[in-house]
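# Secondary and tertiary structure notes
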Amino acid sequence: NAGVTQTPKFRVLKTGQSMTLLCAQDMNHEYMYWYRQDPGMGLRLIHYSVGEGTTAKGEVPDGYNVSRLKKQNFLLGLESAAPSQTSVYFCASSRRGATNEKLFFGSGTQLSVL
Amino acid sequence: GESVGLHLPTLSVQEGDNSIINCAYSNSASDYFIWYKQESGKGPQFIIDIRSNMDKRQGQRVTVLLNKTVKHLSLQIAATQPGDSAVYFCAEILFQKLVFGTGTRLLVSP
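Definitions and cut-offs
Residues numbered from 1 in each chain as written. Chains lettered and ligands numbered in written order. Predicted model: local features only at pLDDT ≥ 70, side-chain atom pairs only at ≥ 80, totals over all residues. Heavy atoms only, no water. Salt bridge = Lys/Arg side-chain N within 4 Å of Asp/Glu carboxyl O. Helix = DSSP H or I, 4+ residues; strand = E, 2+ residues; numbered from the N terminus. pLDDT = per-residue confidence, 0-100. Contact = heavy atoms within 4.5 Å. Buried < 20%, exposed > 50% of the residue type's maximum accessible area, 1.4 Å probe, protein only. Pairing = 2+ DSSP bridges. Disulfide = S-S within 2.5 Å. Axes fitted to C-alpha atoms, helices over the stretch in contact; angles between N-to-C directions.

## Quick look at the pattern of salt bridges
Within this structure, the stated rule accounts for nine salt bridges over all chains. Between D55(B) and K68(B) there is a salt bridge, with the nearest N and O atoms lying 3.1 Å from each other. One end of the pair, D55(B), is in the loop between β4 (45–51) and β5 (56–58); the other, K68(B), is in the loop between β6 (62–67) and β7 (72–77), and 13 residues separate them in sequence. The network of salt bridges with common partners includes R36(A), D38(A) and R44(A).

Encoded structure:
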């Protein structure tokens, strides 16, 4: 049972490049989330999904897009990367909403945008 | 120079001591609180949670105390071990939103 798996673990981009971060969970969870973690700040929600085929904006959605075509996968895309998007990105999932129970997190993706 | 915001509060303890990590939350309307542990290079991991209708909840070697009067949450770790070294942060549910704190770094020396 792998839980929440994120790929890649590390990536370096040049400004303007695009990339997709993949998150997969094998717990049959309905809810999935993308967070970013920056020094001195708490985790901030980028986008989330309450089920297959649905997505919604979080606290800091600008510059990111997401898709949830399959229940087990949640993709985070950066169409034109900017240095401000240098961060550690975490995917998480939960059986019910995050306001009702704990989240299960992946191990993170360290992204640097030069 | 470095930003002060980059430095997390740090609690240093000796192996075997009890640790107390504190968290102040923002709003008396918050009704659900969670503690997470984050080891270096890993994602956050659930430790324990508590709802606002409780004052105390115990797990294995951990206890969470909730003081609603002063809007304060604490995590107590008994017989702290080197493997407990990590960043600990609390999260609160406020108006149906999950809000994470910035964390406290726990350093355990043998």
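What follows continues from the structure just given.
## A look at the confidence of the model for chain B
Residues and elements named next belong to chain B. Overall, the predicted model of chain B reaches an average pLDDT of 89, with 94% of residues at or above 70. Per-residue pLDDT, averaged within each element of chain B, yields its smallest value for strand β9 (residues 97–100) (86) and its largest for β5 (97). Counting interchain partners and residues more than four positions distant, the pLDDT-below-50 stretch residues 1–6 has four contacts.

## Focus on the pairing of β9(B)
Moving residue by residue along a regular strand, the side chains alternate between the two faces of the sheet. Residue and element names in this part refer to chain B. Across the two faces of β9 the burial differs, with L98 and F100 buried and K97 and V99 not buried at all. Sheet topology places strand β8 (residues 86–94) next to β9; four bridges connect them, and they run antiparallel. Each bridged residue has a counterpart across the sheet, and for I93 the counterpart in β9 is L98. Hairpin connection of β8 to β9: two residues between the antiparallel strands, including F95 at a positive phi of 50°.

## Here's the deal with unusual backbone geometry
Cis peptide bonds are those with omega within 30 degrees of zero, and the linkage from T7(A) to P8(A) qualifies with -5°. If you trace the backbone, P8(A) turns up in the loop between β1 (4–7) and β2 (10–13). Positive phi, normally seen in glycine, also occurs at R61(B), with a value near 65°. Assignment of secondary structure puts R61(B) in the loop between β5 and β6.

## Quick notes on the state of the cysteines
The tally for this structure, following the rule as stated, stands at two disulfides over all chains. Disulfide partner of C23(A): C91(A), at an S-S distance of 1.9 Å. Looking down the S-S bond of the C23(A) and C91(A) bridge, the torsion is -75°, so its handedness is left-handed. One end of the pair, C23(A), is in strand β3 (residues 19–25); the other, C91(A), is in strand β9 (residues 87–94), and 68 residues separate them in sequence. Here C91(A) falls in the buried class, since its relative accessible area comes to 0%. There is a disulfide in this structure between C23(B) and C90(B), and the S-S distance comes to 1.6 Å.

## What to know about the sheet that holds strand β2 (residues 19–24) of chain B
All names here are of chain B. Reading across from one edge, β2-β7-β6-β5 is the order of the four strands in this open sheet, with antiparallel pairing throughout. What marks the edges here is a single partner per strand, and that holds for β2 and β5. Each strand axis lies, on average, 15° off the axis of its neighbour in the sheet, ignoring direction. The sheet contact formed by β5 and β6 spans three bridges and is antiparallel. Across the sheet, Q58 pairs through a bridge with T63, a residue of β6.

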